[in-house]
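Each chain is listed here by its residues.
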Amino acid sequence: LLQLEKRIVQLEQLLATQSAVKYRPLGSTNLKVSSLSLGCAPLGGVYGGMSQDAANNIVLTCLRRGINFFDTSPYYGNKTSEIALGKALRNAQETGEFNREDFILATKCGRYADGTDFSGKTVESSIKESMSRLQTDYIDVMQCHDIEFASSLQQVIQEAIPALQDSKTNGDIKHIGITGLPLQVLDYVI
């Protein structure tokens, strides 16, 4: 934790010398995301323990500096990243400085601490559970997480993506994505 705190101080010093954060369109969506985002695995204790107060401070500092894109997953810290981020974003809104429209929230489905499951039923429940942990009425970007670990890419195509599309239709999520490392796997599913 001490190393992380030192790194945060270094980054804050660097940011203090920089001009305002730039924003870019996210793919073909209508979302404008900050060129710097916060990956929230550390909020889930993935790289060592972190208090909720520290998570609140990090998220609030990011928002105040213009960072508006937060990426998490139920896989990070066995759901604790989503829980900590949800509490931190709620805290930021309770300050009165920020509203839900001031940040873009991305999370994932299909990969969990106990393995992968891209079945339509699991994806559907994962979306609802993520919304609850994140304390939000909608998720801006929901991605199938590390699809190369799926037991079947056909399940991703035939079950997970249709479940995401249904959730998009009913307004629970705004945009759909996939993540993974092998480009040919991403190409195949696209």
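Residues numbered from 1 in each chain as written. Predicted model: local features only at pLDDT ≥ 70, side-chain atom pairs only at ≥ 80, totals over all residues. Heavy atoms only, no water.

Re the nonpolar core
1) Next: In terms of nonpolar packing, the biggest core is built from 41 residues, with Val59, Phe70 and Leu85 touching the most fellow members.
2) Next: At the level of elements, α2 (52–65), α3 (80–94), β5 (104–109), α4 (120–134), β8 (139–144), α5 (153–169) and α6 (183–189) are the ones that each hand at least two residues to this core.
3) Next: When residues in this core are grouped by element, the largest group, six residues, is from α2.
4) Next: What Val59 contacts, discounting residues up to four positions off in sequence, is Leu38, Leu43, Phe70, Leu85, Ala88 and Leu89. (Core = buried A, V, L, I, M, F, W, Y, C linked by side-chain atoms within 4.5 Å. Buried < 20%, exposed > 50% of the residue type's maximum accessible area, 1.4 Å probe, protein only. Helix = DSSP H or I, 4+ residues; strand = E, 2+ residues; numbered from the N terminus. Contact = heavy atoms within 4.5 Å.)

A look at the packing of α2 against α3
The packing of two helices is summarised by the inter-axis angle and the distance between the axes.
1) Next: The interhelical angle for the contact between α2 and α3, taken along N-to-C directions, is 55°, at an axis separation of 8 Å. The angle between α2 and α3 falls in the class oblique. Seen along the crossing, α2 lies across α3 with a hand that is right-handed. Across the interface between the two elements, Gln52, Ala55, Asn56, Val59, Leu60 and Leu63 from α2 touch Ala84, Leu85, Lys87, Ala88, Leu89, Asn91 and Ala92 from α3.
2) Next: For the contact of α2 with α3, a count of residues per class yields nine nonpolar, three polar and one charged. (Axes fitted to C-alpha atoms, helices over the stretch in contact; angles between N-to-C directions. Parallel < 35°, antiparallel > 145°, perpendicular 65-115°, else oblique. Left-handed = near helix turned anticlockwise from the far one by under 90°. Nonpolar A, V, L, I, M, F, W, Y, C, P; charged D, E, K, R; others polar.)

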